Amino acid sequence: MYFALLGSALLVGCLLAVQASANLQLTKAVGTPYGASTLQLGFAAAVLAVLAVATGTIGAVALVPDVEPWHLLGGLASPLYITSGILLFPRLGALAAVGLFVTGQMFASLVLDLFGLLGLHQKPLSAGIVIGAVAVLAGITVIAQPLKTRHVGWIGLGVVAGAVLPVQGAINAQLRADLHAPIAVALISFVVATLAIAVVLLFNRTPPPNLAPLRDMPWWGWLGGGCAAAYVTATFLLIPEIGAATTVVLTVTGQQLASALIDHRGLFRMPRRPFTPARVAGLSLLVAGSLLVQFG
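Residues numbered from 1 in each chain as written. Predicted model: local features only at pLDDT ≥ 70, side-chain atom pairs only at ≥ 80, totals over all residues. Heavy atoms only, no water.

Once that is clear, we can look at the packing of aromatic side chains. Going through the model one piece at a time under the given rule, you end up with three aromatic pairs. Ring centres 4.8 Å apart and planes at 50° place the aromatic pair Y81 and F101 in the tilted group. Residue Y81 is found in helix α3 (residues 77-92), and its partner F101 is found in helix α4 (residues 94-115); the two are separated by 20 residues along the sequence. One exposure class covers both Y81 and F101, and it is buried. Between W220 and F268, the aromatic rings sit 5.3 Å apart at their centres with planes inclined by 65°, giving edge-to-face as the arrangement. Placement of W220 in the loop between α7 (182-203) and α8 (223-242) and of F268 in the loop between α9 (244-265) and α10 (277-295) is noted, with a sequence separation of 48 residues between them. The partly exposed category is assigned to F268, whose relative accessible area is 22%. (Phe/Tyr/Trp six-rings, centres within 6.5 Å; stacked < 30°, edge-to-face > 60°. Helix = DSSP H or I, 4+ residues; strand = E, 2+ residues; numbered from the N terminus. Buried < 20%, exposed > 50% of the residue type's maximum accessible area, 1.4 Å probe, protein only.)

Between its first and last C-alpha atoms helix α6 (residues 152-179) spans 41 Å; for 28 residues at 1.5 Å apiece the expected length is 40 Å, and the two agree. Turning to α6, its buried residues are G158, A161, G162, V164, L165, P166, Q168, A170, I171, N172, L175 and L179. Downstream of α6 by a residue or two, H180 has a phi angle that is positive, lying close to 55°. (Expected span 1.5 Å × (residues − 1).)

Counted under the stated rule, the structure contains one cavity of 30 Å³ or more. Looking at the largest cavity, its volume works out to about 90 Å³. Counting residues per element, the ones that place at least two in the lining of the largest cavity are α1 (2-30), α3, α6 and α8. By residue class, the composition of the lining of the largest cavity is eight nonpolar, three polar and no charged. (1 Å grid on protein atoms, 1.4 Å probe; cavity = no way out; pocket = protein on both sides within 12 Å on 5 of 7 lines; lining within 4 Å. Points joined across faces, edges and corners; volume = space filled by probe spheres on them. Nonpolar A, V, L, I, M, F, W, Y, C, P; charged D, E, K, R; others polar.)

Shown next, in the form of structure tokens:
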């Protein structure tokens, strides 16, 4: 059973790379990344609402008025991460974009752990963590080397989008302690996320989403919402069973391996970017660095 849980963590990490690729098809159909993010997050919230009803945990939502207001803000990270994936994957490639996400995740989790922020236990600095951080930096430097100067802004966006995920996890952990219902917590997180991106869509000067082309979109264009719901729910369920560090390492590793495969094979109609020795070396450094940061 333990090894099945480890495999599940690796799989849900792969889903994050699939999510961003599938969302590109949704974006092409509706014509705006903000519209695609709104649809994807709304779909994920609907899936989680059905799960909450099926598992009998929907009643936990009634406790929301009694929790600290900032415990509800974890969902704000999802619109930024999802929209960033839609914008970055076609511009930088799956591996480079995910590498930036992972870099942001690793360094944000380091800050949270070292300073004991957002209710987390403080973690002492060690040689392994320092070496891991250097390896992550070296890995993303190798992977991002082919990018041009004009990509600097996109690179910064990728790092920030990755950094908000550990913050989201820490905030949602506080909400889970309040509600004692992981699926209800995930539902609330996605409802907040959907409302946030809907407000952005409403006030942003972009054309409204065109829903008519959705019927011609590949069926897997809807996978993004399911992948997002599966990732958030699985991480809530896996952390108590196999530990936070193991969960983070395996999901991040799955995310990187899946993105490398998507790039190499040109899956999900992505531009094909074959493996090169430099890209393999960069990926290896990212995976090794992630392991050292979490277990160092």
